[in-house]
Protein chains: 2
Amino acid sequence: MLSQRATIDRVFHALGDPTRRAIIEKLTEGPVSVSMLAKPLDITLAAVVQHLQILEKSGLVYTRKVGRIRTCRIEPRGLSVAEQWIGDRRSLWERRFNRLGDLLAEPDGK
Amino acid sequence: MLSQRATIDRVFHALGDPTRRAIIEKLTEGPVSVSMLAKPLDITLAAVVQHLQILEKSGLVYTRKVGRIRTCRIEPRGLSVAEQWIGDRRSLWERRFNRLGDLLAEPDGK
């Protein structure tokens, strides 16, 4: 099992690429085959397959081959990992910011 | 003004690097100077400055120089951009998933 840190690294590395985010955006409309995915992105099938491997390893996309057709769909687990990391950072920062506000609101010496 | 797409690209590119995420994690504890930031990360000051430039351009970090000391703090705007992109993808996907559930729950032919 991957450590939490390694999982976060993989998810953010995967999301760091604009083509991979375009793949995720397309897949939020519903599952599609690899060749259908390659068409509007204007990249080779081999490039799409490489991006999909990274997305699949990071838990952002799930692919399944039936016969000769490989179909892809969103895997919400990966999105949750990124969402939680960002949410945690924001809430930690806001808590610190609010504490600072409380301190500034206190009368001198209290 | 940067387009929304360019802003999203910059934020996710910035978050894709583990050292830059470590900088953000450190800054959620509170503002620090650039040299204080470099110390626990075990990288050169020049490397930290480069990472900070990317983080600042993407709206994730704010830096301010007073005298010879440059201090850095979290800029929550950048985190919100990433949070919203992920949240939108997840809610679009969930809506689609729920619609599918409704369709499957319907009696045949209705």
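Going by the annotation in an unreviewed UniProt entry, the name recorded for chain A is ArsR family transcriptional regulator, with Edaphobacter aggregans given as the source organism.

## With respect to the side chain of Thr63(B)
All names here are of chain B. Tracing the sequence through the fold places Thr 63 in strand S2 (residues 61-66). Residue classification places Thr 63 among the buried positions, given a relative accessible area of 6%. In terms of polar contacts, Thr 63 uses its side chain to reach the side chain of Glu 56, at 3.1 Å. For Thr 63, the side chain forms a polar contact with the side chain of Arg 70, separated by 2.8 Å.

## Section: the packing of helix H3 (residues 34-41) of chain B against helix H4 (residues 45-57) of chain B
Residue and element names in this part refer to chain B. Relative orientation of the contacting elements H3 and H4 amounts to 110 degrees, with a least axis distance of 9 Å. Considering their axes alone, H3 and H4 lie roughly perpendicular with respect to each other. Classified by chirality, the crossing of H4 by H3 is right-handed. For the pair H3 and H4, the contacting residues are Val 34, Ser 35, Leu 37 and Ala 38 in the first and Leu 45, Val 48, Val 49 and Leu 52 in the second. Of the residues that constitute the contact of H3 with H4, the class distribution is seven nonpolar, one polar and no charged.

## Considering the relation of the copies chain A and chain B
Each copy of the chain is related to the other by a rotation around an axis and a translation along that axis. With an RMSD of 0.0 Å, the operation that places chain A on chain B is a rotation of 180 degrees combined with a shift of 0.0 Å along the axis. This pairing of chains is accounted for by a two-fold axis. Taking C-alpha positions as reference, the residue of chain A nearest the rotation axis is Gly16(A), located at 2.4 Å. Interface overlap between copies is the fraction of interface residues in one copy that are interface residues in the other; for chain A against chain B it reaches 100%, indicating a shared surface.

Cut-offs used in this document
- Residues numbered from 1 in each chain as written.
- Chains lettered and ligands numbered in written order.
- Predicted model: local features only at pLDDT ≥ 70, side-chain atom pairs only at ≥ 80, totals over all residues.
- Heavy atoms only, no water.
- Helix = DSSP H or I, 4+ residues; strand = E, 2+ residues; numbered from the N terminus.
- Buried < 20%, exposed > 50% of the residue type's maximum accessible area, 1.4 Å probe, protein only.
- Polar contact = N/O pair within 3.5 Å; in protein donor to acceptor, adjacent residues only side chain to side chain.
- Axes fitted to C-alpha atoms, helices over the stretch in contact; angles between N-to-C directions.
- Parallel < 35°, antiparallel > 145°, perpendicular 65-115°, else oblique.
- Left-handed = near helix turned anticlockwise from the far one by under 90°.
- Contact = heavy atoms within 4.5 Å.
- Nonpolar A, V, L, I, M, F, W, Y, C, P; charged D, E, K, R; others polar.
- Least-squares fit on C-alpha atoms with pLDDT ≥ 70 in both.

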